[in-house]
Amino acid sequence: MISFEGLMNHLLFCGEAIIDIQLNEQNQKSRGIVQEINQYIQEHYRESLTIKQLSEIFFLHPVYLGQLLSKRTVSISMSYCIIFELKKQHVCFAKIS
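Let me sum up the structure you'll find in this document. Starting afresh in each chain, residues are numbered from 1 along the sequence in its written order. In keeping with the model being predicted, local features are shown solely for residues with a pLDDT of at least 70 and side-chain atom pairs are shown and tallied solely at 80 or more, while totals for entire chains, interfaces and linings include all residues. Side-chain figures throughout are based on the complete set of non-hydrogen atoms in the structure, without hydrogens or water.

Let us look at the nonpolar core. Within the largest apolar cluster, 10 residues are counted, these being I33, V34, I37, Y40, I41, L54, F58, L65, L68 and L69. Labels follow the DSSP assignment, with helices taken as runs of H or I lasting at least four residues and strands as runs of E lasting at least two, numbered in each case from the N terminus. Secondary-structure elements contributing two or more residues to this core are helix 1 (4-43), helix 2 (51-58) and helix 3 (62-72). Here, nonpolar core means buried Ala, Val, Leu, Ile, Met, Phe, Trp, Tyr and Cys residues that are tied together by side-chain atoms lying within 4.5 Å of each other. Relative accessibility decides the category of a residue: with a 1.4 Å probe and only protein chains considered, values under 20% of the type maximum give buried, values over 50% give exposed, and everything between is partly exposed.

Stacked, tilted and edge-to-face are the three classes applied to pairs of Phe, Tyr and Trp rings, where Trp contributes its six-membered ring and a pair requires centres within 6.5 Å; stacked means planes under 30 degrees apart, edge-to-face means over 60, and tilted covers the rest. In this structure the tally under the stated criterion is one aromatic pair. Taken together, a centroid distance of 5.8 Å and an interplanar angle of 90° make the contact between Y40 and F58 edge-to-face. Here Y40 is found in helix 1, whereas its partner F58 is found in helix 2, with 18 residues between them in sequence.

Like-charged residues are merged into a patch within 9 Å and nonpolar side chains (Val, Leu, Ile, Met, Phe, Trp, Tyr) within 5 Å, provided each residue has over 30% relative accessible area and no salt bridge. Residue-level accessible areas treat just the shown protein chains as cover; the underlying method is Shrake-Rupley with a 1.4 Å probe. In the sections that follow, a salt bridge refers to a side-chain nitrogen of Lys or Arg positioned within 4 Å of a carboxyl oxygen of Asp or Glu. Together, I2, F4, L7, M8 and L11 make up a nonpolar patch on the protein surface, roughly 530 Å² of accessible area in all. Here I2 is to be found in the segment before helix 1.

If you trace the backbone, Q53 turns up in helix 2. Judged by relative accessible area, which is 35%, Q53 ranks as partly exposed. Of the polar contacts made by the side chain of Q53, one reaches the backbone nitrogen of T50; its length is 3.0 Å. Any pair of nitrogen or oxygen atoms within 3.5 Å is treated as a polar contact; in protein, a donor-acceptor pairing is required on top of that, and neighbouring residues in sequence qualify only through side-chain atoms on both sides.

Listed below in structure tokens is the structure:
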């Protein structure tokens, strides 16, 4: 027969495992939406995009979206924009030359 303390330890272990699983699932979902947002930014990088506009497009609260992007990809997104702009300028320059 299992002791009360053993039962409590087992329940604690199960609870921690469930929390870990839920956090991993949430992180995977966050990465997925961030990838979608990055794709959208890449396709519309010349437009004047705001967090409010992106939040309406992706059905997210603007504050949450801002936190999500600042934690994960703001510098990456800006790097994408710079790289795409440089590539386009290079193509334009090559056509002129």
